[in-house]
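Structure assessment
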Amino acid sequence: FRMNSGPVGAPQFTTFMAGRQVIVTTVFGSGANHLEKTFTSFRRIPDTELHVFIYGEQLPATQLPGLQYHLVKTDLRYLSVRRDALFRRWVWPDQLDAEFALVVDGTDVICLQDLPRFDKILRGAKVAAATEWGKPIRIRGQDYTSTYINAGITFWNLPASREIRQEIARRGSAEYRGEYDDQTVINEVLHTKYFDDLTILPSQYNWRASYRKNQRVGIPPVRFWPRRDCLDGVYLYHNAGCLDEVLRDIAVK
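Residues numbered from 1 in each chain as written. Predicted model: local features only at pLDDT ≥ 70, side-chain atom pairs only at ≥ 80, totals over all residues. Heavy atoms only, no water.

We now examine the sheet that holds strand β3 (residues 67-72). Strand pairing in a sheet relies on backbone hydrogen bonds. The paired strands run either parallel or antiparallel. Strand order in the open sheet formed by seven strands is β3-β2-β1-β4-β9-β6-β10, with mixed pairing between adjacent strands. Each of the sheet's edge strands pairs with one partner strand only, and the pair in question is β3 and β10 (198-201). Ignoring which end each strand starts from, the neighbouring axes of this sheet average 25 degrees apart. Pairing between strand β6 (residues 127-131) and β10: four bridges, direction parallel. Bridge pairing in β10 links Val 127 to Leu 198. Contacts from helix α3 (residues 158-174) reach β4 (98-104) and β9 (149-157) within the one sheet, and its direction differs from that of β9 by about 145 degrees. Along the sheet, helix α4 (residues 182-193) contacts β6, β9 and β10; its crossing angle with β9, the most-contacted strand, is approximately 50 degrees. (Pairing = 2+ DSSP bridges. Helix = DSSP H or I, 4+ residues; strand = E, 2+ residues; numbered from the N terminus. Axes fitted to C-alpha atoms, helices over the stretch in contact; angles between N-to-C directions. Contact = heavy atoms within 4.5 Å.)

Given below as C-alpha coordinates:
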(Lines give C-alpha, C1' and ligand atoms only; values in the text may rest on other atoms or scores of the structure.)
Protein backbone atom coordinates (compact mmCIF):
# COMPACT_ATOMS: atom_id res chain seq x y z
CA PHE A 1 0.00 0.00 0.00
CA ARG A 2 1.65 3.21 -1.19
CA MET A 3 0.73 6.74 -0.19
CA ASN A 4 1.48 10.16 -1.58
CA SER A 5 4.93 11.34 -0.59
CA GLY A 6 6.08 14.85 0.20
CA PRO A 7 7.83 16.94 2.83
CA VAL A 8 7.51 15.44 6.28
CA GLY A 9 8.65 16.10 9.78
CA ALA A 10 9.30 19.13 11.91
CA PRO A 11 10.51 22.56 10.77
CA GLN A 12 14.17 22.50 9.82
CA PHE A 13 16.78 24.71 11.45
CA THR A 14 20.30 25.40 10.23
CA THR A 15 21.66 26.61 13.57
CA PHE A 16 22.28 24.70 16.77
CA MET A 17 23.99 25.13 20.11
CA ALA A 18 27.27 23.23 19.99
CA GLY A 19 27.45 20.48 22.59
CA ARG A 20 23.83 20.86 23.70
CA GLN A 21 22.15 17.48 24.14
CA VAL A 22 18.51 16.51 24.57
CA ILE A 23 16.51 13.36 25.23
CA VAL A 24 13.28 12.99 23.26
CA THR A 25 10.28 10.70 23.29
CA THR A 26 6.88 10.67 21.58
CA VAL A 27 3.67 9.43 23.20
CA PHE A 28 -0.05 9.36 22.48
CA GLY A 29 -3.23 8.34 24.24
CA SER A 30 -2.75 7.07 27.77
CA GLY A 31 1.02 6.99 27.30
CA ALA A 32 1.15 10.70 28.03
CA ASN A 33 0.09 9.99 31.62
CA HIS A 34 2.46 7.11 32.32
CA LEU A 35 5.93 8.58 32.04
CA GLU A 36 6.71 8.66 35.76
CA LYS A 37 8.07 5.11 35.77
CA THR A 38 10.21 5.39 32.68
CA PHE A 39 11.06 8.72 31.07
CA THR A 40 11.57 10.56 34.35
CA SER A 41 14.48 8.20 35.09
CA PHE A 42 16.53 10.22 32.57
CA ARG A 43 16.43 13.26 34.87
CA ARG A 44 19.57 11.85 36.50
CA ILE A 45 21.66 12.83 33.45
CA PRO A 46 23.20 16.29 34.06
CA ASP A 47 23.00 19.20 31.61
CA THR A 48 20.47 17.41 29.43
CA GLU A 49 16.91 18.51 28.62
CA LEU A 50 14.03 16.04 28.46
CA HIS A 51 11.37 16.69 25.82
CA VAL A 52 8.05 14.88 25.35
CA PHE A 53 6.18 15.29 22.04
CA ILE A 54 2.54 14.45 22.66
CA TYR A 55 0.02 13.54 19.97
CA GLY A 56 -3.41 14.63 21.11
CA GLU A 57 -5.82 17.48 21.64
CA GLN A 58 -4.21 18.88 24.77
CA LEU A 59 -1.27 18.50 27.10
CA PRO A 60 -1.71 16.47 30.32
CA ALA A 61 -3.31 18.38 33.16
CA THR A 62 -0.51 17.22 35.45
CA GLN A 63 2.95 17.68 34.01
CA LEU A 64 5.95 16.01 35.58
CA PRO A 65 8.80 18.24 36.78
CA GLY A 66 11.93 18.22 34.66
CA LEU A 67 10.06 17.36 31.46
CA GLN A 68 9.25 19.82 28.68
CA TYR A 69 6.02 19.07 26.81
CA HIS A 70 5.17 19.77 23.16
CA LEU A 71 1.75 19.23 21.57
CA VAL A 72 1.81 18.01 17.95
CA LYS A 73 -0.81 17.03 15.38
CA THR A 74 -1.01 13.72 13.56
CA ASP A 75 0.05 13.64 9.91
CA LEU A 76 -2.61 11.54 8.17
CA ARG A 77 -0.12 10.27 5.60
CA TYR A 78 1.15 7.85 8.26
CA LEU A 79 -2.35 6.32 8.54
CA SER A 80 -2.24 6.01 12.34
CA VAL A 81 -1.11 8.02 15.32
CA ARG A 82 1.20 5.20 16.35
CA ARG A 83 3.09 5.13 13.05
CA ASP A 84 3.36 8.92 13.02
CA ALA A 85 4.79 8.92 16.54
CA LEU A 86 7.25 6.15 15.71
CA PHE A 87 8.54 7.62 12.46
CA ARG A 88 8.58 11.31 13.27
CA ARG A 89 10.18 10.88 16.69
CA TRP A 90 13.48 11.13 14.80
CA VAL A 91 12.73 14.50 13.19
CA TRP A 92 11.06 16.36 16.06
CA PRO A 93 14.44 16.99 17.77
CA ASP A 94 15.31 19.41 14.95
CA GLN A 95 13.02 21.91 16.68
CA LEU A 96 15.25 22.02 19.74
CA ASP A 97 18.47 23.57 18.35
CA ALA A 98 20.59 20.89 19.97
CA GLU A 99 23.66 19.16 18.56
CA PHE A 100 23.06 15.69 20.03
CA ALA A 101 19.92 13.74 20.85
CA LEU A 102 18.92 10.46 22.44
CA VAL A 103 15.51 9.28 21.18
CA VAL A 104 13.80 6.60 23.29
CA ASP A 105 10.53 4.72 23.59
CA GLY A 106 8.48 6.57 26.18
CA THR A 107 6.85 3.76 28.12
CA ASP A 108 9.36 0.89 28.36
CA VAL A 109 12.91 2.32 28.66
CA ILE A 110 14.59 3.07 32.01
CA CYS A 111 17.88 4.87 32.60
CA LEU A 112 19.77 2.98 35.33
CA GLN A 113 22.86 5.17 35.66
CA ASP A 114 24.43 8.34 34.30
CA LEU A 115 25.32 8.15 30.62
CA PRO A 116 28.56 9.37 29.06
CA ARG A 117 28.21 12.47 26.92
CA PHE A 118 26.40 11.62 23.71
CA ASP A 119 29.30 12.67 21.47
CA LYS A 120 31.44 10.05 23.23
CA ILE A 121 28.76 7.41 22.71
CA LEU A 122 28.51 8.29 19.01
CA ARG A 123 32.30 7.98 18.59
CA GLY A 124 32.37 10.29 15.59
CA ALA A 125 29.38 8.69 13.82
CA LYS A 126 26.08 10.29 12.84
CA VAL A 127 23.97 7.68 14.62
CA ALA A 128 24.56 5.00 17.23
CA ALA A 129 22.34 2.11 18.31
CA ALA A 130 22.46 -1.41 19.72
CA THR A 131 21.29 -4.52 17.92
CA GLU A 132 18.32 -6.72 18.60
CA TRP A 133 19.10 -10.21 19.84
CA GLY A 134 18.39 -13.07 17.49
CA LYS A 135 19.26 -14.34 14.04
CA PRO A 136 20.13 -12.24 10.94
CA ILE A 137 17.21 -10.41 9.31
CA ARG A 138 16.31 -9.93 5.64
CA ILE A 139 15.92 -6.29 4.59
CA ARG A 140 15.46 -4.46 1.32
CA GLY A 141 18.50 -2.94 -0.30
CA GLN A 142 21.38 -4.69 1.42
CA ASP A 143 19.23 -7.87 1.39
CA TYR A 144 20.15 -8.98 4.94
CA THR A 145 21.96 -7.79 8.03
CA SER A 146 23.48 -9.54 11.01
CA THR A 147 23.43 -6.23 12.95
CA TYR A 148 19.69 -5.50 12.96
CA ILE A 149 19.31 -2.54 15.32
CA ASN A 150 16.57 -1.92 17.84
CA ALA A 151 14.78 1.34 17.10
CA GLY A 152 13.69 2.04 20.67
CA ILE A 153 16.98 3.67 21.71
CA THR A 154 19.00 5.70 19.20
CA PHE A 155 21.68 8.39 19.59
CA TRP A 156 22.08 11.09 16.93
CA ASN A 157 24.39 13.87 15.85
CA LEU A 158 21.47 16.05 14.78
CA PRO A 159 23.07 18.39 12.20
CA ALA A 160 25.04 15.57 10.60
CA SER A 161 22.15 13.07 10.51
CA ARG A 162 19.31 15.30 9.30
CA GLU A 163 19.29 13.78 5.81
CA ILE A 164 19.17 10.24 7.26
CA ARG A 165 16.31 11.01 9.61
CA GLN A 166 14.30 12.81 6.95
CA GLU A 167 14.66 9.86 4.59
CA ILE A 168 13.36 7.48 7.26
CA ALA A 169 10.35 9.73 7.84
CA ARG A 170 9.67 10.08 4.09
CA ARG A 171 9.67 6.33 3.59
CA GLY A 172 7.24 5.93 6.46
CA SER A 173 4.80 8.39 4.92
CA ALA A 174 5.08 6.87 1.43
CA GLU A 175 4.58 3.17 2.13
CA TYR A 176 2.69 1.17 4.75
CA ARG A 177 4.07 -2.21 5.82
CA GLY A 178 2.48 -2.50 9.24
CA GLU A 179 1.95 -0.60 12.47
CA TYR A 180 5.54 -1.18 13.61
CA ASP A 181 7.48 -0.91 10.34
CA ASP A 182 9.61 1.98 11.62
CA GLN A 183 12.25 -0.50 12.79
CA THR A 184 12.27 -2.17 9.38
CA VAL A 185 12.75 1.17 7.65
CA ILE A 186 15.49 2.52 9.90
CA ASN A 187 17.47 -0.68 9.35
CA GLU A 188 17.01 -0.55 5.58
CA VAL A 189 18.12 3.06 5.39
CA LEU A 190 21.09 2.78 7.74
CA HIS A 191 22.48 -0.56 6.59
CA THR A 192 22.05 0.07 2.87
CA LYS A 193 22.99 3.74 2.47
CA TYR A 194 24.65 4.97 5.66
CA PHE A 195 26.48 1.98 7.15
CA ASP A 196 29.72 3.97 7.45
CA ASP A 197 27.87 6.58 9.53
CA LEU A 198 26.63 4.05 12.11
CA THR A 199 28.21 3.03 15.41
CA ILE A 200 26.96 -0.32 16.73
CA LEU A 201 26.73 -0.07 20.52
CA PRO A 202 27.10 -2.87 23.06
CA SER A 203 23.91 -4.17 24.62
CA GLN A 204 24.55 -2.23 27.84
CA TYR A 205 23.04 0.76 26.01
CA ASN A 206 19.84 -1.13 25.16
CA TRP A 207 19.43 -4.06 27.53
CA ARG A 208 16.59 -6.27 26.32
CA ALA A 209 17.05 -9.38 28.47
CA SER A 210 14.39 -10.27 31.00
CA TYR A 211 15.19 -9.56 34.63
CA ARG A 212 14.77 -12.28 37.26
CA LYS A 213 12.06 -14.13 35.39
CA ASN A 214 11.64 -16.18 32.24
CA GLN A 215 9.78 -14.88 29.19
CA ARG A 216 8.76 -16.60 25.98
CA VAL A 217 8.13 -15.15 22.53
CA GLY A 218 6.70 -16.63 19.33
CA ILE A 219 3.65 -18.86 18.71
CA PRO A 220 5.02 -21.22 17.39
CA PRO A 221 7.91 -21.80 17.72
CA VAL A 222 8.39 -20.66 21.27
CA ARG A 223 11.75 -19.15 22.16
CA PHE A 224 12.90 -18.15 25.61
CA TRP A 225 13.87 -14.50 25.95
CA PRO A 226 17.40 -14.03 27.33
CA ARG A 227 17.45 -13.73 31.12
CA ARG A 228 19.79 -12.06 33.57
CA ASP A 229 19.50 -11.74 37.35
CA CYS A 230 21.93 -8.83 37.71
CA LEU A 231 21.97 -5.47 35.93
CA ASP A 232 25.47 -4.33 36.85
CA GLY A 233 27.05 -2.48 33.93
CA VAL A 234 23.72 -1.74 32.23
CA TYR A 235 22.98 1.87 31.27
CA LEU A 236 19.56 1.63 29.61
CA TYR A 237 17.02 -1.14 30.30
CA HIS A 238 14.38 -1.84 27.65
CA ASN A 239 11.86 -4.59 28.35
CA ALA A 240 8.25 -3.75 29.14
CA GLY A 241 7.63 -7.14 30.75
CA CYS A 242 10.10 -6.54 33.59
CA LEU A 243 9.75 -2.84 34.41
CA ASP A 244 8.32 -3.38 37.89
CA GLU A 245 11.06 -5.82 38.84
CA VAL A 246 13.78 -3.46 37.61
CA LEU A 247 12.29 -0.42 39.35
CA ARG A 248 12.15 -2.40 42.58
CA ASP A 249 15.88 -3.27 42.37
CA ILE A 250 17.17 -0.32 40.38
CA ALA A 251 20.61 -0.02 42.06
CA VAL A 252 23.43 -1.10 39.70
CA LYS A 253 27.20 -0.96 39.63
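Under the 1.5 Å per step criterion, the end-to-end length of α3 is 23 Å for 17 residues, consistent within 8% with the ideal 24 Å. Bending of α3 peaks at approximately 30 degrees at the position of Ile 164. Those residues of α3 that are buried lie in contact with α1 (81-88), β4, β9 and α4. Here α3 starts with a cap whose side-chain oxygen sits 3.2 Å from the backbone nitrogen of Ala 160, and that cap is Asn 157. (Expected span 1.5 Å × (residues − 1). Bend = angle between axes of the 7 residues up to and from the residue. Polar contact = N/O pair within 3.5 Å; in protein donor to acceptor, adjacent residues only side chain to side chain.)

Another aspect to go through is the side chain of Thr 48. For Thr 48, the location among the structural elements is in strand β2 (residues 48-55). Within the structure, the side chain of Thr 48 is placed 2.8 Å from the side chain of Gln 21, a separation counted as a polar contact. Apart from the residues lying within four places of it in its own chain, the contact partners of Thr 48 are Gln 21, Val 22, Ile 23 and Phe 118.

Further remarks concern the state of the cysteines. Counted under the stated rule, the structure contains zero disulfides. Left unpaired, Cys 111 is separated from the closest cysteine sulfur, that of Cys 230, by 17 Å. Taking relative accessible area as the criterion, Cys 111 reaches 1% and is therefore assigned buried. Lacking any disulfide linkage, Cys 230 is separated from the closest cysteine sulfur, that of Cys 242, by 14 Å. (Disulfide = S-S within 2.5 Å. Buried < 20%, exposed > 50% of the residue type's maximum accessible area, 1.4 Å probe, protein only.)

The subject of this paragraph is the packing of α3 against α4. Two numbers describe how α3 lies on α4: the axes approach to 9 Å, and their chain directions differ by 135 degrees. Taken together, the axes of α3 and α4 are oblique relative to one another. With respect to the hand of their crossing, α3 and α4 are arranged in right-handed fashion. Side by side, α3 and α4 meet where Ile 164, Glu 167, Ile 168 and Arg 171 of the first sit next to Val 185, Ile 186, Glu 188, Val 189, Leu 190 and Lys 193 of the second. (Parallel < 35°, antiparallel > 145°, perpendicular 65-115°, else oblique. Left-handed = near helix turned anticlockwise from the far one by under 90°.)

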